[in-house]
There are 2 protein chains.
Amino acid sequence: MQTIRLALIGFGNVGQGLTEIIADRNDNFAKQFGLKFQIVAVSDIYWGSVYDPDGLDPVRLLGAIQKGEKLATIQAAEYGWDATTTIEQSGADALAEVSFTDLKTGEPAAGFVRAALKQRMNVVTSNKGPIALHYPELSRLAAENSVQIGFEGTVMSGTPVLRMGSEILKAAGVNRIQGILNGTTNYILSRMEDGTSYADALAEAQDKGYAEADPTGDVEGFDAAGKVVILSNLLMGTEIGMDDIERSGITHLTPEDIRNAKIDDRRWKLIGAVEKDGEKVTASVQPVPLPVSHPLATIGGATNAVTFSTDLLGDITLAGPGAGRRETGYALIADLIAIYNKA
Amino acid sequence: MQTIRLALIGFGNVGQGLTEIIADRNDNFAKQFGLKFQIVAVSDIYWGSVYDPDGLDPVRLLGAIQKGEKLATIQAAEYGWDATTTIEQSGADALAEVSFTDLKTGEPAAGFVRAALKQRMNVVTSNKGPIALHYPELSRLAAENSVQIGFEGTVMSGTPVLRMGSEILKAAGVNRIQGILNGTTNYILSRMEDGTSYADALAEAQDKGYAEADPTGDVEGFDAAGKVVILSNLLMGTEIGMDDIERSGITHLTPEDIRNAKIDDRRWKLIGAVEKDGEKVTASVQPVPLPVSHPLATIGGATNAVTFSTDLLGDITLAGPGAGRRETGYALIADLIAIYNKA
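Per chain, the residues get numbers from 1 upward, laid out in the order the sequence is written. Think of it this way: whatever chain is written first is A, whatever ligand is written first is 1, and the rest follow in order. Restriction of local features to residues with pLDDT of at least 70 applies here, the model being predicted, together with a cutoff of 80 or more for giving and counting side-chain atom pairs; totals for whole chains, interfaces and linings are based on all residues. The side-chain values count all of the structure's non-hydrogen atoms but skip hydrogen atoms and water molecules.

Asks: How should the overall build of chain A be read in this particular structure?
Replies: Secondary structure counts use DSSP, requiring at least four H or I residues in a row for a helix and at least two E residues in a row for a strand, with both numbered from the N terminus. Helix and strand counts for chain A come out as 12 helices and 13 strands. Here the C-alpha radius of gyration of chain A, 21 Å, is about what a compact globule of 343 residues would show, namely 20 Å. For chain A, the spread of C-alpha atoms along the principal axes amounts to about 65 × 45 × 35 Å. The classification of residues rests on relative accessible area computed with a 1.4 Å probe and restricted to protein chains. Under 20% of the type maximum is buried, over 50% is exposed, and intermediate values are partly exposed. Classification of the 343 residues of chain A by burial places 59% in the buried group. A contact between two residues is defined here by any heavy atoms of the two lying within 4.5 Å. Excluding contacts between residues fewer than 6 apart, the proportion of contacts in chain A whose partners are at least 24 apart in sequence is 69%. A 1.4 Å probe and the Shrake-Rupley method give the accessible areas. Residues count as covered only by the protein chains that appear here. When the accessible surface of chain A is totalled, it reaches about 13700 Å², and 45% of it is carbon and sulfur. Radius of gyration: C-alpha atoms only; globule rule: 2.2 Å multiplied by the number of residues to the exponent 0.38.

Next up, the structure:
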């Protein structure tokens, strides 16, 4: 039995989802993989910070939040460490970087990831910013320090799309990736097909908690573009950035566009795509009127999906949840298992 | 660079597909995985047998078949070995068992697999018979001899459904598997939705080479049942056989059934299912009128798909080719890479 000591930077939805899974499933993981996860530190800018070298009880961590109490209310050895101190002093084996995402600079999360890698900690994260903006650098830094960085949760939450592309389909020769990578826009487009206006569909998505108060990141395709950068850099060997994505969102689509597509047996979907032609790779995010027979045309609502086109196997489509606290928490666990089960 | 010496029992569609991939892609596999595949023996009851310790040229093997010539026409060290001699004398590292399948006894293929495992050869196969009927025994025999047996190609050709269930989703807790596992019946049902009669749709499927002259194995659900047994024994830890599957085929479905489902926004699909409820596992193959919103409802024609229901991640659906010479040949390569890339 190997115990994996974890430090969490961030204790929002994903951090709590990860902690729930550890509380519920640690015995299963021990039986299935010989691995036991122990949270030794949590540092969150709102909920506060706790550290205990003997491990923090996941049920108590969650209990505090449920009561609306700061983490300082639970038993621990140290309180109040900031993120950097937590990374430097916790002696954790792995960092779960689950603080807020920023697609313009990737900071401060990218700095936390760098600090952890330099400390020779493995890193798992669902934070798009650092990976979309700095993956080539972070991947080299991990290699230099003989540690690994897992980021399955940055694309389609726990749906194993990155592992599928990077490991399982590697021998098949992936030459194109097309995906519905943003649940908010897919939900809005599905509702518009039912006759709802763009404004009403957006309001509904905000009501349901899919869309942020400022929906620009979703509806203008920035979120999907970040995921396309990640897919391209990991699976096509590029070193592209956000500016290399030809990007357009869904805000200019009219009810008439939707109706006309329907008459033509087509459905508008916001498609993120990466295509390899010899050494040339092109990447884009744009609304596409897919024929209803296309495997992505029937992916509705908040479900996400990716179709890998391969040299040897034709098209392989993977569909699953695109978001969710448990689903994304699971991505971090799957990354940790992939790292430590091999070692 | 590691050279993997292969012996092929059977040189029909799948054996030829495997050989084509080796001819086309060996340089890629060397670069990507440090593995080089070398065919040292082929034994086929129709095309004859060749053996050469220095390797047989895959292009020449395929060239003979294309010209309709027996394998004895190409340069080799030995000719005419039967399957057993090939397994015992070829000194191959791995056996690709790709002879014809028999879902009643699994023989003679199961005997070849046993002989190879006892010789401490790894085995890869796309042959449903031995795996559906004898997996628990063969799996123990492999473990006793410290070798492995790969059989991705027995379910959905190269679409990585077994690896998905057994490795990638292991931590998520798979509690139900539902799949469209037979391309012939799915093709027939798709055509019946377009108004074609069962008899005409079957004749079309036979024309296109999807269905055998005797279609019983497909249309009565035996082929799908064999795959359900494989999924259940590998992924749910059962030791069930063909008789444990509650099975019914598509022959009793009438045009009226199809029409009524359509009115109800449903589509008939032949669904293979395995469900776990505590320690109890139930397995079945039967036509089900799925609501059109179900992820399997839109899988049309010869495409196959499986939906895994999981404790932590909800539903994950994997869709891809269900058959094909290259697609199934790829399954064997993927199994070999999984075996030797780890070692």
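Asks: Is there a simple way to explain the pairing of strand S13 (residues 314-321) of chain A in this structure?
Replies: If a strand is regular, its side chains alternate between the two faces of the sheet. Burial runs high along S13(A): six of the eight residues are buried. One ladder, built from eight bridges, connects strand S12 (residues 303-310) of chain A with S13(A); its direction is antiparallel. Residue pairing across strands places A:Asn304 opposite A:Gly320, the latter belonging to S13(A). A loop of three residues connects S12(A) with S13(A), the two strands running antiparallel in sequence. Only when DSSP finds a minimum of two bridges between them are two strands counted as paired. The pairing of S13(A) with strand S13 (residues 314-321) of chain B spans three bridges and is antiparallel. The residue bridging A:Thr317 from the neighbouring strand is B:Ala319, located in S13(B).

Asks: Please clarify how the pattern of salt bridges should be interpreted in this entry.
Replies: Pairing is possible between side chains that carry opposite charge, provided their charged atoms lie close to one another. The term salt bridge refers to a side-chain nitrogen of Lys or Arg lying within 4 Å of a carboxyl oxygen of Asp or Glu. One pass over the structure, following the stated rule, counts 30 salt bridges over all chains. A salt bridge links A:Asp57 to A:Arg60, with the shortest nitrogen-to-oxygen separation between them at 3.6 Å. For A:Asp57, a relative accessible area of 35% gives the class partly exposed. With a shortest N-O distance of 3.2 Å, B:Arg140 and B:Glu239 are connected by a salt bridge. In this pair, B:Arg140 sits in helix H5 (residues 128-144) while B:Glu239 sits in the loop between helix H10 (222-235) and strand S9 (246-247), placing the two residues 99 residues apart along the sequence. Bridged by salt links that share partners, the residues A:Glu20, A:Asp24, A:Arg325 and A:Arg326 form one connected network.

Asks: When you look at the packing of aromatic side chains in this model, what are you seeing that I'm missing?
Replies: Pairs of aromatic rings are described using the distance from one ring centre to the other and the angle between the two planes. Residues and elements named next belong to chain A. Stacked, tilted and edge-to-face pairs are distinguished by plane angle, under 30 degrees for stacked and over 60 for edge-to-face with tilted covering the rest, among Phe, Tyr and Trp rings (Trp via its six-membered ring) whose centres lie within 6.5 Å. Counted according to the given criterion, the structure contains 10 aromatic pairs over all chains. Above the ring of Tyr46, the side-chain terminus of Lys70 is found at 3.9 Å from the ring centroid. In this analysis the charged atom, NZ for Lys or CZ for Arg, is taken to sit over a ring once it is within 6 Å of the ring centre and within 35 degrees of the ring normal. It is Arg247 that lies over the ring of Phe222; its NZ or CZ is 3.9 Å from the centre.

Asks: Would you mind showing me how to read the interface of chain A and chain B here?
Replies: Interface extent is often summarised as the accessible area lost during association of the parts. Taken together, the contact between chain A and chain B spans 32 residues of the former and 32 residues of the latter. Here chain A meets chain B over a buried area of about 2800 Å², counting both sides, of which 64% is carbon and sulfur. Polar contacts here mean pairs of N or O atoms no more than 3.5 Å apart (in protein, one a potential hydrogen donor and the other a potential acceptor; neighbouring residues in sequence count only if both atoms are side-chain atoms). If you look at where chain A meets chain B, you find nine residue pairs in polar contact (both at pLDDT 80 or more). Listed by contribution, the elements that provide at least two residues to the side of chain A that touches chain B are helix H1 (13-33), helix H6 (161-168), S13 and helix H12 (325-342) of chain A. Among the elements that take part in the side of chain A that touches chain B, S13(A) stands out by supplying seven residues, more than any other. Any residue that is not Ala, Val, Leu, Ile, Met, Phe, Trp, Tyr, Cys, Pro, Asp, Glu, Lys or Arg is counted as polar, Gly included; the first ten are nonpolar and the last four charged. A class-by-class count of the residues in the side of chain A that touches chain B yields 17 nonpolar, seven polar and eight charged. The quantity reported as buried area is the accessible area (1.4 Å probe) lost by two parts once they are put together, taken as the sum for both.

Asks: Whenever I open this one, helix H8 (residues 198-207) of chain A confuses me. Can you help?
Replies: The α-helix winds at 3.6 residues per turn, so residues separated by three or four positions along the chain end up facing the same way. Residue and element names in this part refer to chain A. The complete set of buried residues in H8 reads Tyr198, Ala201, Leu202 and Ala205. Burial along H8 is one-sided: seen end-on, the buried residues are contained in an arc of 100 degrees. The exposed residues of H8 that point more than 90 degrees off its buried face are Ala199 and Asp207. Contacts made by the buried residues of H8 are with helix H7 (183-193) and helix H9 (216-219). Of the residues trailing H8, Gly209 is marked for its positive phi of about 85 degrees. Read the arc as the range of directions from the helix axis to the C-beta atoms.

Asks: Honestly, the sheet that holds S13(A) in this entry has me stumped. Any pointers?
Replies: Two pairing modes exist for strands in a sheet, parallel and antiparallel, and in both the strands are linked by backbone hydrogen bonds. With mixed pairing, the 12 strands of this open sheet are ordered in space as S9(A)-S11(A)-S10(A)-S8(A)-S12(A)-S13(A)-S13(B)-S12(B)-S8(B)-S10(B)-S11(B)-S9(B). What marks the edges here is a single partner per strand, and that holds for strand S9 (246-247) of chain A together with S9 of chain B. Fitted lines through C-alpha atoms serve as axes, helices being fitted only where they are in contact, and the angles separating the N-to-C directions of these axes extend from 0 to 180 degrees. Together, strand S8 (174-180), S9, strand S10 (266-277), strand S11 (280-291) and S12 of chain A form the strand contacts of helix H10 (residues 222-235) of chain A, whose direction differs from that of S11(A) by roughly 135 degrees. Where helix H6 (residues 161-168) of chain B meets the sheet, it contacts S13 of chain A together with strand S12 (303-310) and S13 of chain B, and its direction lies at approximately 10 degrees from that of S12(B).

Asks: So what exactly am I meant to see when it comes to the environment of A:Thr85 here?
Replies: Within the secondary structure layout, A:Thr85 lies in helix H3 (residues 83-89). Expressed as a C-alpha distance, the spacing of A:Thr85 and A:Asn127, which sit 42 residues apart in the sequence, is 20 Å.

Asks: Explain the side chain of A:Ser190 to me, please; I cannot follow it from the model alone.
Replies: All names here are of chain A. Following the sequence through the fold, Ser190 ends up in helix H7. In this structure the side chain of Ser190 is engaged in a polar contact, spanning 3.1 Å, whose partner is the backbone nitrogen of Gly301. The contact partners of Ser190, leaving out residues within four places of it in the chain, are Lys269, Gly300 and Gly301.

Asks: Even after reading the chapter, I still don't get the relation of the copies chain A and chain B, so can you show me in this structure?
Replies: Each copy of the chain is related to the other by a rotation around an axis and a translation along that axis. To superpose the copies, least squares is applied to the C-alpha atoms of every residue with a pLDDT of at least 70 in both. For the pair chain A and chain B, the relating rotation is 180 degrees, the translation along its axis is 0.0 Å, and the fit reaches an RMSD of 0.0 Å. Read as a symmetry element, the transformation amounts to a two-fold axis. The C-alpha atom lying nearest the rotation axis in chain A is that of A:Leu318; the distance is 2.4 Å. Interface residue correspondence from chain A to chain B reaches 100%, placing this contact among same-surface, isologous pairings.

Asks: Which parts of the structure should I look at to understand helix H1 (residues 13-33) of chain B?
Replies: Residue and element names in this part refer to chain B. Spanning 21 residues, H1 covers only 26 Å between terminal C-alpha atoms, well under the ideal 30 Å at 1.5 Å per step. Two axes enter the definition of the bend at a residue: one is fitted to the seven residues ending there, the other to the seven starting there, and the bend is the angle between them. A bend of about 70 degrees at Arg25 is the largest found in H1. Once H1 finishes, Gly34 follows within two positions and takes phi at roughly 70 degrees, a positive value. What a helix is expected to span follows from its residue count: subtract one and scale by 1.5 Å.

Asks: Hey, could you run me through unusual backbone geometry in this one?
Replies: Backbone geometry follows two general trends: most residues other than glycine have a negative phi, and most peptide bonds adopt the trans configuration. Across the junction of A:Glu107 and A:Pro108, the peptide omega takes the value 0 degrees, indicating a cis bond. Unusually for a residue other than glycine, B:Arg120 sits at a positive phi of about 60 degrees. Secondary-structure assignment places B:Arg120 in the loop between helix H4 (109-118) and strand S6 (122-125). Taking relative accessible area as the criterion, B:Arg120 reaches 51% and is therefore assigned exposed. At B:Ser146, a position not held by glycine, the phi torsion is positive, near 55 degrees. Following the sequence through the fold, B:Ser146 ends up in the loop between H5 and strand S7 (149-150).

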